[in-house]
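Listed below are the residues making up each chain.
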Amino acid sequence: MTRTISVFLLLFSIAPTVFPQGIQQTKGNFEDKFRQLDEILPTPNTYRNASGQPGHEYWQQRADYVITAELDENARRITASATITYTNHSPDTLEFLWVHLDQNIFRKDSIKERTIDFGGTSGRGSSTSAPDAGDPAQISLYELRRQQGMEDREYGFEIGKITAPNGEVLNHTVVGTLMRIDPEKPLKPGNSMTFTIPWEHNIIEQDAVGGRSGYEHFPEDERENGNDIFLLAQWFPRMAAYSDYEGWHNKEFLGRGEFTLEFGDYDVTLTVPGDHIVSSTGVLQNPDEVLTEPQRTRLEEAKTAERPVFIVTPDEALANESSNPEGKKTWHFTAENVRDFAWASSRKFIWDAQGYAQPDAEVSTVMAMSFWPKEGGELWRKYSTPAIIHTMEVYGRFSFDFPYPVIQSVNGPVGGMEYPMITFNGPRTELQDDGDRTYSMSEKVFLVGVVIHEVGHNYFPMVVNSDERQWTWIDEGINSFLDSVACYEWDPDMPWTRSLPRDLVPYMISSNQVPIMTQSDSILQFGPNAYGKPSAALHILRDTIIGRERFDHALKTFSRRWKFKRPTPADFFRTMEEASGVDLDWFWRGWFYTTDHVDISLDAIYRLRLDTKDPDIDFTRRREEEKDKPTKVGVRLNEDAGRKPWIDRHPESKDFYDENDIFTVTNKERNEYRKFLEDLEDWERAAFERAVQEDKNYYVLEFSNIGGLVMPIILEMQLADGETKKLHIPAEIWRRNPKKVRKLIALEKGTGLTSVVIDPNWETADANIENNYYPRRIIPSRIEAYKSKRTGLSNRDIMQDSKTELKEKKEAKTDEK
């Protein structure tokens, strides 16, 4: 439609009657989407300042460990002892210490076990339908197996006497997955205390019970050789964190919220069966005692190799699998300034390694290593260690050089889990009947993606040590963002998913969700909430709002400020604003504190032309506009029927107004026009006459915010001459009205606007792209033909089915395969 635009008080403005009165909104009363976030963030202090940096009095605790442990393969059991030196750097006197006993989550009386909601999200596939829904309830075979595994064996820590160096027994109290230790006397600021904890615990069968560690047993048949893989994590009593913003972090471990720990040095000796190969946090201190001479030579060669070198070859691993184990070996590892310690042990492991050079870094060569059984096949040989190296290349650009001398990827029953210098990753090949091992595209995507993701966690949170128990998103979201960057730099044509804005639309319009800032154990739709949505938010900040150069600088600033320290979300929000120079309070508030989604609709476009005030020009234009209107229906039908109007049949009835229409110009209007020009100031007349001469095409675009999230409006405009123009309207356009805004666009004379689309590249997670088009497009879709099937008990042909012969078990399995 074309409208006129008039000069009023020397401003271009639209008469209120031009537009509809309002647009139906999904929101209620006015809400200030740009209200400053400092109202809800913690008040800055000397520990964490207003710019997002550690304050000048920042402190954190320290816990150093000396551990001896032995793996009993046949009993699936750990026996160990840890001497812990805990240093109080806080300004507080500590009357007691808290220790994590995370294996206690597998006790039958744990809070986690007693609060599983049947049919809810807390169990492992507990149910898919409720018993009162008309259909029978369902329980998965995985859940049945888990319940049986919990019944068949006792799990959890068996703690012995806790003693001080002088032999004094310290009182302790176990509270679920936590243990309180009472020192002989309160621990004052700046002081340390040392104590020893002996313990034992049964190792869970991960495939049966679940969890983030455990053992996997391989069947003893003609296709496999039996044997086990042990992945050991949360396997020792770990000091709870004590921080300036929460004090003791003694929240029960319920399975979802991961870990909040202190940095320290580890000296660990692990005694395992003599033919086992061990992968562990830290650096191996006694290779002469546990590796053969050829293996030690290969390990040295791998440091400067251009591609991975086998340390334990497939043939050596296969020979280990077939051996009769005799004796034990003790592997000795040390690790400096790490927040946790994990390890893996098996006689099935193939092991390769390649050095990754970091010139001018504190650690000049990092040993990237992978451990996998023969079931990993070519998939692991080709992709695991290269994916480790690729991760360090990409993450180093956004944060810092890798700070540890070793980083490993280990195959086992855990799909994906991270610890300092070691990660557990699950994908494998499939053994076919012809003896070949093959893998699908999804397994390849899974392996490369999970290695990148879990190795990436060695930056966040293993070094940038965020509080995982409270806020899952701060490490998972940042890491998911970076792993998506790394994945697309690995191969942009592989079908990566989950982390881009366009991937998150179904989640963001769902009703079963909570804000990102929800505590970890209360999150609904865990993956989209804690991984996908914050990753999508960071992609939008980088590619759409801040720009890559400034975003990358800000993220690197945050990473280096909080390297080997414990940041909170407020530290992240403040640093990103401080380093980028962009006020992002509206963004953090909308994306992280609400469940609003993005849905900006382009409701109307008005084409306007500036009135010249010259009646001989303007009245002629309006007469032409009137001609563009369709003839009244009744008049047209009369013309079609040949019925002449009275005035044409009786011309004597015509008068002045039949010769002069309402757009006839008189000298009165001409005099008013001259008077208008004479009354203008010189600068006003110059501006007006220039605008009249330029005779630009003015367009007013009317937008409504249906989803609630304020976002930039990205426009792609198609012009009549075939040119495409783009316009980026910052989100601040919504600052006074978060529900409806209008934008005036001026195009040169002769340049017309034919169509407009919002967010043409799907970069803002807009939930409904169809209302982004103006004019609206025909919606493309598909239709499939199908043949209906009769189902139900009464539709079985029992007369015919009763003639079926019962097959032997082996025959039935062959047919099924």
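Remember, it's a predicted structure, so these values are computed and weren't measured experimentally. (Residues numbered from 1 in each chain as written. Predicted model: local features only at pLDDT ≥ 70, side-chain atom pairs only at ≥ 80, totals over all residues. Heavy atoms only, no water.)

## Remarks on the sheet that holds strand β23 (residues 406-411)
With respect to topology, 6 strands assemble into an open sheet ordered β18-β21-β22-β23-β25-β24, the strand pairing being mixed. Two strands lie at the open edges of the sheet, namely β18 (309-312) and β24 (416-419), each paired on one side alone. Direction aside, the axes of adjacent strands within the sheet are offset by 20° on average. With 4 bridges joining them, β23 and strand β25 (residues 422-425) adopt parallel strand pairing. Residue pairing in the sheet places S409 in a bridge with T423 of β25. Contacts from helix α7 (residues 377-398) reach β18, β21 (350-357), β22 (365-372), β23 and β25, with the element oriented near 155° to β22. (Pairing = 2+ DSSP bridges. Helix = DSSP H or I, 4+ residues; strand = E, 2+ residues; numbered from the N terminus. Axes fitted to C-alpha atoms, helices over the stretch in contact; angles between N-to-C directions. Contact = heavy atoms within 4.5 Å.)

## Quick look at empty space enclosed by the protein
The final tally for this structure, using the stated rule, is 3 cavities of 30 Å³ or more. Approximately 60 Å³ is the volume found for the largest cavity. Surrounding the largest cavity, E31, K33, W586, R589, G590, T594, D596, G708, L709 and V710 form its lining. Residue classes in the lining of the largest cavity are distributed as 3 nonpolar, 3 polar and 4 charged. Forming the walls of the second largest cavity are Q103, H201, N202, I203, I204, S213, G214, L231, L232, A233 and W235. Going through the elements one at a time, β9 (192-202) and β11 (228-232) are the ones with two or more residues in the lining of the second largest cavity. Residue composition of the lining of the second largest cavity, by class: 6 nonpolar, 5 polar and no charged. (1 Å grid on protein atoms, 1.4 Å probe; cavity = no way out; pocket = protein on both sides within 12 Å on 5 of 7 lines; lining within 4 Å. Points joined across faces, edges and corners; volume = space filled by probe spheres on them. Nonpolar A, V, L, I, M, F, W, Y, C, P; charged D, E, K, R; others polar.)

## Observations regarding the packing of helix α9 (residues 473-490) against helix α12 (residues 548-561)
Packing of α9 against α12 leaves a shortest axis separation of 14 Å and a crossing angle of 135°. Regarding the angle of α9 to α12, the classification is oblique. Judged by the sense of rotation from one axis to the other, the crossing of α9 with α12 is left-handed. Taking contact as the criterion, the partners of I478, F481 and L482 in α9 are, on α12, F551, L555 and F558. Here the residues of the contact of α9 with α12 sort into 6 nonpolar, no polar and no charged. (Parallel < 35°, antiparallel > 145°, perpendicular 65-115°, else oblique. Left-handed = near helix turned anticlockwise from the far one by under 90°.)

## What about the environment of N458?
Residue position: N458 is located in the loop between α8 (441-456) and α9. Look past the residues within four positions of N458 in its chain and what remains in contact with it is F402, I407, Y419, P420, M421, I422, T423 and V463. Separated by 3.3 Å, the side chain of N458 and the backbone oxygen of Y419 make a polar contact. (Polar contact = N/O pair within 3.5 Å; in protein donor to acceptor, adjacent residues only side chain to side chain.)

## Some words on the nonpolar core
W235, F424, F572, F587 and W591 are the most contacted members of the largest nonpolar core, which has 189 residues in total. In terms of residue count, α7 provides more of this core than any other element does, 10 residues in total. (Core = buried A, V, L, I, M, F, W, Y, C linked by side-chain atoms within 4.5 Å. Buried < 20%, exposed > 50% of the residue type's maximum accessible area, 1.4 Å probe, protein only.)

## Quick notes on the sheet that holds strand β3 (residues 62-72)
Read from one edge of the open sheet, 7 strands run β6-β9-β4-β3-β15-β19-β17, paired in mixed fashion. The open sheet has two edge strands with one neighbour each: β6 (158-159) and β17 (283-284).

## What about the pattern of salt bridges?
Side chains that carry opposite charge are capable of pairing whenever their charged atoms lie near each other. In total, this model carries 52 salt bridges according to the counting rule given. D228 is paired through a salt bridge with R76; the nearest N and O atoms lie 3.4 Å apart. In this pair, D228 sits in strand β11 while R76 sits in the loop between β3 and β4 (77-87), placing the two residues 152 residues apart along the sequence. Note on R76: relative accessible area 16%, which makes it buried. We note a salt bridge from D552 to R542, for which the minimum N-O separation is 2.8 Å. Of the two residues, D552 sits in helix α12 while R542 sits in helix α11 (residues 526-545), which places them 10 residues apart along the sequence. Of the residues examined, D552 reaches a relative accessible area of 19% and is grouped as buried. (Salt bridge = Lys/Arg side-chain N within 4 Å of Asp/Glu carboxyl O.)

## Focus: the side chain of D521
Among the structural elements, D521 can be located in the loop between α10 (505-508) and α11. Of the buried charged residues, D521 lacks a salt bridge, with K251 as the closest side chain of opposite charge at 4.5 Å. Among the polar contacts listed, one links the side chain of D521 to the backbone nitrogen of G257, at a separation of 3.1 Å. When residues no more than four places from it in sequence are discounted, the contact partners of D521 are K251, E252, L254, G255, R256, G257 and R469. (Lys, Arg positive; Asp, Glu negative; His and termini not counted.)

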